Amino acid sequence: MTNTAMLRPAWTPLTIALMVLGFVVFWPLGLAMLAYIIWGDRLDGFKRDVNKATDDMFTGCRRARRGTHARTGNVAFDDWREKELERLAEERRKLDEAREEFDEYMRELRRAKDQKEFDRFMAKRKERPVDIDPD
């Protein structure tokens with residue numbers, strides 16, 4: 001007999017022992033085991049119902065998201081909306097290009113600043129007298 005066959009929602013010696021042990025260790029565990037013994041055979045149906053409800057909900061969300069750009073049947077409105085979406089996409093592209101140009105400018109500015117600081121460090125370093133320790 002396998003362990004899963006012994007741990008089924010029924011009054012088996014294993015489930016009774018786990019229930020008693022659960023009450024001894026921490027009473028909510030024993031209560032949970034008692035609920036499993038009594039109503040555990042209904043868990044499969046409950047799980048199936050919850051999974052179906054969740055799947056239906058997410059299917060509805062997917063349908064709603066896909067339907068945001070669906071045709072309405074009004075040709076004038078659909079044409080106007082398409083033109084506006086294209087205009088907005090073009091504006092987004094221009095903004096992205098401007099952001100890239102600014103990022104490049106800032107990278108170059110940081111590089112120039114770093115180079116200036118490095119050159120100043122090297123000049124100071126050359127001015128220091130070199131300590132030679134003859135041993």
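Above this note sits the structure.
Summarised in this report is the structure supplied together with it. (Residues numbered from 1 in each chain as written. Predicted model: local features only at pLDDT ≥ 70, side-chain atom pairs only at ≥ 80, totals over all residues. Heavy atoms only, no water.)

Points about helix H5 (residues 75-127)
Between its first and last C-alpha, H5 extends 78 Å over 53 residues, near the 78 Å set by a 1.5 Å rise per residue. The N-cap residue of H5 is Asn74: its side-chain oxygen and the backbone nitrogen of Ala76 are 3.1 Å apart. (Helix = DSSP H or I, 4+ residues; strand = E, 2+ residues; numbered from the N terminus. Expected span 1.5 Å × (residues − 1). Polar contact = N/O pair within 3.5 Å; in protein donor to acceptor, adjacent residues only side chain to side chain.)

Considerations on the pattern of salt bridges
A complete count under the given rule lists nine salt bridges for this structure. Salt-bridge contacts for Arg93 lead to Glu97; the nearest nitrogen and oxygen are separated by 2.3 Å. Of this pair, Arg93 and Glu97 both sit in helix H5, four residues apart, which is roughly one turn of the helix. Judged by relative accessible area, Arg93 falls into the partly exposed class, the value being 38%. Since its relative accessible area comes to 39%, Glu97 is described here as partly exposed. Notably, a salt bridge pairs Arg107 with Glu104, separated by 2.9 Å at the nearest N-O pair. Here Arg107 pairs with Glu104, and both are found in helix H5, just three residues apart, close to one helical turn. The class of Arg107 is partly exposed, set by a relative accessible area of 42%. Each member of the salt-bridge network shares a partner with another, and the members are Arg71, Asp78 and Arg81. (Salt bridge = Lys/Arg side-chain N within 4 Å of Asp/Glu carboxyl O. Buried < 20%, exposed > 50% of the residue type's maximum accessible area, 1.4 Å probe, protein only.)

Re the packing of aromatic side chains
To describe a pair of aromatic rings, one takes the distance between the centres and the angle between the planes. Following the criterion strictly, the structure yields two aromatic pairs and no others. Ring geometry for Phe77 versus Trp80: centroids 5.8 Å apart, planes at 35°, classification tilted. On the criterion of helical spacing, the pair formed by Phe77 and Trp80 is a turn pair, its members being three residues apart in helix H5. Assessed through its relative accessible area of 48%, Trp80 is described here as partly exposed. (Phe/Tyr/Trp six-rings, centres within 6.5 Å; stacked < 30°, edge-to-face > 60°.)

Concerning the side chain of Asp78
Within the secondary structure, Asp78 sits in helix H5. What makes Asp78 buried here is its relative accessible area of 2%. A polar contact is formed between the side chain of Asp78 and the backbone nitrogen of Gly73, at a distance of 3.4 Å. Those residues in contact with Asp78 that lie beyond four places of it in its chain are Arg71, Thr72 and Gly73. (Contact = heavy atoms within 4.5 Å.)

Some details on helix H3 (residues 27-39)
With 13 residues, H3 should reach 18 Å at 1.5 Å per residue; the first-to-last C-alpha distance of 18 Å fits that figure. Those residues of H3 lying buried are Gly30, Met33 and Ile37. End-on view of H3: buried residues confined to an arc of 60°, all on one side of the axis. Contacts from the buried residues of H3 go to helix H2 (13-25). (Arc of directions from axis to C-beta.)

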